[in-house]
Structures are given as structure tokens and as C-alpha cells.
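Close look at the chain arrangement
Residue strings, one per chain:
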Amino acid sequence: MFVESKHPRAEDGKFTDGNGAGKSYPQNARYSEILAESKSKKMTPAEKIASVHIDFDKDNILPELNEEDLAKIGSKVNRPVLLKKGVIERNTKRHGEVMGDTEEILTQALYSPAEIFKGNSQKPYYTFVKPMRISKRNGKDEYGIALLDVDASKDNFEIVHWHWVNEENLDSLRK
């Protein structure tokens, strides 16, 4: 869920670095636009979350992972995260119920994860998990998850899929 107080703005409504100094960006600035301006700037998790605006009709480049999460996935090199158009189409067919929540699930799970664990024993996949809402059905937490391919031979980390799970299904994924 987007929390306005976590995304400081200048008087003109543009996002800022939090203390009024530095570069500000239009509210709907995409990560690729920000990256083009400054390859060296390290973004905060809040800036990464605010910069993601998924275009369902093309490939999307999302911000790099947080530095503190790299060790959890066994990587020494950070890379941008790629969401391919074909993956969007596949996720629409397999998990159509979550497509309206795509940005929320992906940004929260990838840039504010509560947990990261190995997602596949044969492939370099990791599951990023974030408790995000209370189920209307039973009043328990529901978790947004994103499965990420972190193959070192690729130029980007690649999103494999994303969806909602309840605690019981999350427990089975951990095993």
C-alpha cells in the first residue's frame, strides 16, 4: 500500500530526497528515467517503490534490489530487475486475480521484503515475501510474493511470477 508520508515531496509536488535538497522527480517518473539521469545515485527502498509504474504492454526495467538483500540471494553483483511482457501475459492467465495489485505486490515484496528464501531447488530462483493485507475471508494475513530468477549469467534479475498466498500456502513454499 502506498503511504504518502513515506514519499516526501517538494512544494511543487515532485518527489524529493526527504530533506528538500537534491534532485526532485515528477510524481510518475519511471525508474528508467531516473536511472538515465544518474547511474551512481543509490535509491532508498521508498524511492524504488515510488518509481515503479508497470506498463503491461512492454518489458519493464525496475530498480536494483536493496544491497542488504543481495547476500540473501547469494549475489555479489546487483542488477536491475526485468519484468518481461511475456511474463505479464503468462501471469495474467495463471494469476489474473492479482493483476490489479501488480505494482503493490512487486514493489513491496522486492523492495521491502519481510522474508527471502530459495524458491526452486533446480533453478536460481528466490521468493520474496511481504505480508500486505488481511484476508476478508478469515481475517488472517495474506502475503504478496514475487519469484525472482537471479541467474548470474543474465544482465538482469528477472521476475518469474507474482501472486497472493495465505499463511498455509506460504509454509508449503518455504519447504
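Cut-offs used in this document
- Residues numbered from 1 in each chain as written.
- Predicted model: local features only at pLDDT ≥ 70, side-chain atom pairs only at ≥ 80, totals over all residues.
- Heavy atoms only, no water.
- Pairing = 2+ DSSP bridges.
- Helix = DSSP H or I, 4+ residues; strand = E, 2+ residues; numbered from the N terminus.
- Axes fitted to C-alpha atoms, helices over the stretch in contact; angles between N-to-C directions.
- Phe/Tyr/Trp six-rings, centres within 6.5 Å; stacked < 30°, edge-to-face > 60°.
- Lys NZ or Arg CZ within 6 Å of the ring centre and 35° of its normal.
- Salt bridge = Lys/Arg side-chain N within 4 Å of Asp/Glu carboxyl O.
- Buried < 20%, exposed > 50% of the residue type's maximum accessible area, 1.4 Å probe, protein only.
- Arc of directions from axis to C-beta.
- Contact = heavy atoms within 4.5 Å.
- pLDDT = per-residue confidence, 0-100.

**Notes on the sheet that holds strand 5 (residues 141-149)**
- Here six strands make up an open sheet; going across it, the order is 1-2-6-5-4-3 and the pairing mixed. Each end of this open sheet is capped by a strand with a single partner; those strands are strand 1 (60-62) and strand 3 (115-118). Shown here is a sheet whose adjacent strand axes are inclined to one another by a mean of 35°, direction ignored.
- Where strand 3 lies against strand 4 (residues 125-134), four bridges are found, and the strand directions are antiparallel.

**Focus: the packing of aromatic side chains**
- Following the criterion strictly, the structure yields zero aromatic pairs and no others.
- For the cation-ring pair, Arg-133 lies above Trp-164, with the distance from its terminal atom to the ring centre recorded as 3.8 Å.

**A word on the pattern of salt bridges**
- Per the stated rule, a full pass over the model turns up 10 salt bridges.
- One salt bridge in this structure joins Glu-115 and Arg-174, with 2.7 Å as the shortest N-O distance. In this pair, Glu-115 is assigned in strand 3 and Arg-174 in helix 6 (residues 167-174), connecting sequence segments 59 residues apart.
- Exposure remark for Arg-174: the relative accessible area of 37% places this residue in the partly exposed category.
- Here Glu-142 ties to Arg-133 by a salt bridge, and the two come within 3.0 Å at their closest N and O atoms.
- Assessed through its relative accessible area of 15%, Glu-142 is described here as buried.
- Residue class for Arg-133 comes out partly exposed when judged on its relative accessible area of 35%.
- If you follow the salt bridges from partner to partner, you end up with Lys-84, Asp-149, Lys-154 and Glu-158 in one network.

**Some remarks on helix 4 (residues 85-94)**
- When we look at burial in helix 4, the residues that qualify are Val-87, Ile-88 and Asn-91. Taken end-on, helix 4 shows its buried residues confined to a sector of 105°, consistent with a single buried face.
- Looking at the packing, one finds that the buried side of helix 4 touches strand 1, strand 2 (81-83) and strand 6 (157-166).

**Remarks on the side chain of Thr-102**
- With respect to the helices, strands and loops of the structure, Thr-102 is situated in helix 5 (residues 102-111).
- What Thr-102 contacts, discounting residues up to four positions off in sequence, is Ile-54, Phe-56 and Trp-162.

**What to know about the confidence of the model for the protein**
- Across the protein, the average pLDDT comes to 85, with 77% of residues at 70 or higher.
- Mean pLDDT across the secondary structure elements of the protein bottoms out at helix 1 (residues 31-37), with 58, and peaks at strand 2, with 98.

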